[in-house]
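Read off the chains here:
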Amino acid sequence: MSIFQVNDWPWSDILIVLGFLLFLFLSRLGLSFLINRVFRDKGSIQRAAFSLINWVVFNGLLLFVIFYFSDSAWLLYPLFTIGQVEITLFLIIIAVLIITFAYRLSKVLNEHLLPFFFERHHLDKGIQFTMERIVHYVIMVVAVLVSLTTVGIDLSALTVFAGVLGVGIGFGMQNIASNFISGLILLFERPIKVGDRVLIDDVIGDVEKISMRATVVRTLENEHIIIPNSYFLEEKVVNRSFADPRLRLTIPIGVAYGSDVQKVKRILLVVAELARQEHAFVLESPAPFVNFKGFGDSSLDFELFLWISDPKEVIRMKSELNFSIYEQLNENGIEIPFPQRDLHIKSAPLSLLKGQEEDS
């Protein structure tokens, strides 16, 4: 005989459930109106309150079911057994409510409340991301442990599972375990962090996310590269934002032989000064420097050294400097040479020409 009989659901119970749904809907409208009036100028608190209210409304029916039908046979009917614990629909609903509430609480803290703390203490983007991940993982681990305890599962039984998991990691999950540990090291040691500009295999990109297994890097072409965490600890990675974000730009220039080298130096320093006046991220100290690199095959080779404070402006700044240098050299009559080669044609010996005539 099935435990889900029609007699278990009289019309009075159905009407009560429908009435409770209507009550939840009206309560949400009333609370929304109240929150809009009380927290009108506090957007983050307002959004956090709405998020919690939405959880209560959407899960309110489950709360109502476990309290109103707590003595019903179908709610307490054992579905399966774990060890000596009989798992019922009542226990499953309780565990789901705990985990979903923990997830919603983590989301509210990370999206609406922690930003106040970050802004007050002027924390950079990398530290913010690390703290958000730590808060989320701690809340979710506690929620899972509490839900298991609520269901009645003895946590000491997990030691056996942990041993089996350790053997599996040792033999078949070495790569996953390596990336997991590497992710923790990246979050705490922070050789790279969210928001850093990195150079990986001649590809420039910004670190967008560091998860437990892989790191997401967005390139300048807006392509996303998924890189295992262990790569950043085992390979050489250029981090342009690590510790000191200042970066030196090197602009190579070649001018024709016979040019006034002192005039070229003055022109390049003028270009650097114009760039500093137009862009706040161009630094006055260290001062720009013109390096006479040497004598090339077709040109006198110079380099303009310029320091900037924002690594993300490298490409745009190099382009603008090249435009400015080309215009200034043209205005001052300084020639930019191109590679030249002399071709010498020698006439053939007369004996060879006579031999060709006799053969013909």
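Check the entry above for the structure.
If you're wondering where the values come from, they're calculated on a predicted model, not measured in any experiment.

**Q** Explanation requested: helix α6 (residues 174-189) in the structure shown.
**A** Working note: α-helix, 3.6 residues per turn, so residues spaced by three or four point in the same direction. Compared with the 22 Å implied by 1.5 Å per residue over 16 residues, the 22 Å span of α6 between its first and last C-alpha is a close match. For α6, the complete set of buried residues consists of N179, S182, G183, L186 and L187. Buried residues of α6 fall within an arc of 135° about the axis and therefore sit on the same side. Within α6, the exposed residues directed more than 90 degrees away from the buried face are Q174, F188 and E189. Looking one or two residues beyond α6, the residue adopting positive phi is R190, at roughly 60°.

**Q** It is not clear to me how empty space enclosed by the protein should be interpreted in this structure. Could you clarify?
**A** Sizing a probe to match a water molecule and rolling it over the atoms shows the empty space that remains. If you walk through the whole model with that rule in mind, you get one cavity of 30 Å³ or more. The volume enclosed by the largest cavity comes to roughly 40 Å³. Together, G126, F129, T130, L186, L187, R190, I192, K193, V194 and I210 line the largest cavity. The element best represented in the lining of the largest cavity is helix α4 (residues 125-151), accounting for three residues.

**Q** For this particular structure, what's the right way to read the pairing of strand β4 (residues 203-210)?
**A** Along any regular strand, the residues point their side chains to alternate faces of the sheet. Across four bridges, strand β3 (residues 197-200) lies against β4 in antiparallel orientation. The residue of β4 that forms the bridge with R197 is D206. Here β3 folds back onto β4 in antiparallel fashion, the turn holding two residues, of which D201 has a positive phi close to 50°. Across five bridges, the pairing between β4 and strand β5 (residues 214-219) is antiparallel. Bridge pairing in β5 links D206 to R218. Counting the residues that bridge the hairpin from β4 to β5 gives three residues.

**Q** I keep staring at the sheet that holds strand β6 (residues 224-228) and nothing clicks. Help me out?
**A** Taken in spatial order, the five strands of this open sheet run β6-β5-β4-β3-β7, and their pairing is antiparallel. The outermost strands of the open sheet, each flanked by one partner alone, are β6 and β7 (238-239).

**Q** Help me out: how do you make sense of the packing of aromatic side chains in this one?
**A** Here the distance between the centres and the angle between the planes together describe a pair of aromatic rings. Summed over all chains, the structure comprises five aromatic pairs. Considering the side-chain rings of F292 and F295, the 5.4 Å spacing of their centres and the 55° angle between planes classify their relative orientation as tilted. Ring geometry for F292 and F302: centres 4.5 Å apart, planes at 20°, overall stacked. One end of the pair, F292, is in strand β9 (residues 289-295); the other, F302, is in strand β10 (residues 300-308), and 10 residues separate them in sequence. Looking at F302, the relative accessible area reads 4%, which means it is buried. Members of the aromatic cluster, connected to one another through ring pairs, are F292, F295 and F302.

Calculation criteria
- Residues numbered from 1 in each chain as written.
- Predicted model: local features only at pLDDT ≥ 70, side-chain atom pairs only at ≥ 80, totals over all residues.
- Heavy atoms only, no water.
- Helix = DSSP H or I, 4+ residues; strand = E, 2+ residues; numbered from the N terminus.
- Expected span 1.5 Å × (residues − 1).
- Buried < 20%, exposed > 50% of the residue type's maximum accessible area, 1.4 Å probe, protein only.
- Arc of directions from axis to C-beta.
- 1 Å grid on protein atoms, 1.4 Å probe; cavity = no way out; pocket = protein on both sides within 12 Å on 5 of 7 lines; lining within 4 Å.
- Points joined across faces, edges and corners; volume = space filled by probe spheres on them.
- Pairing = 2+ DSSP bridges.
- Phe/Tyr/Trp six-rings, centres within 6.5 Å; stacked < 30°, edge-to-face > 60°.

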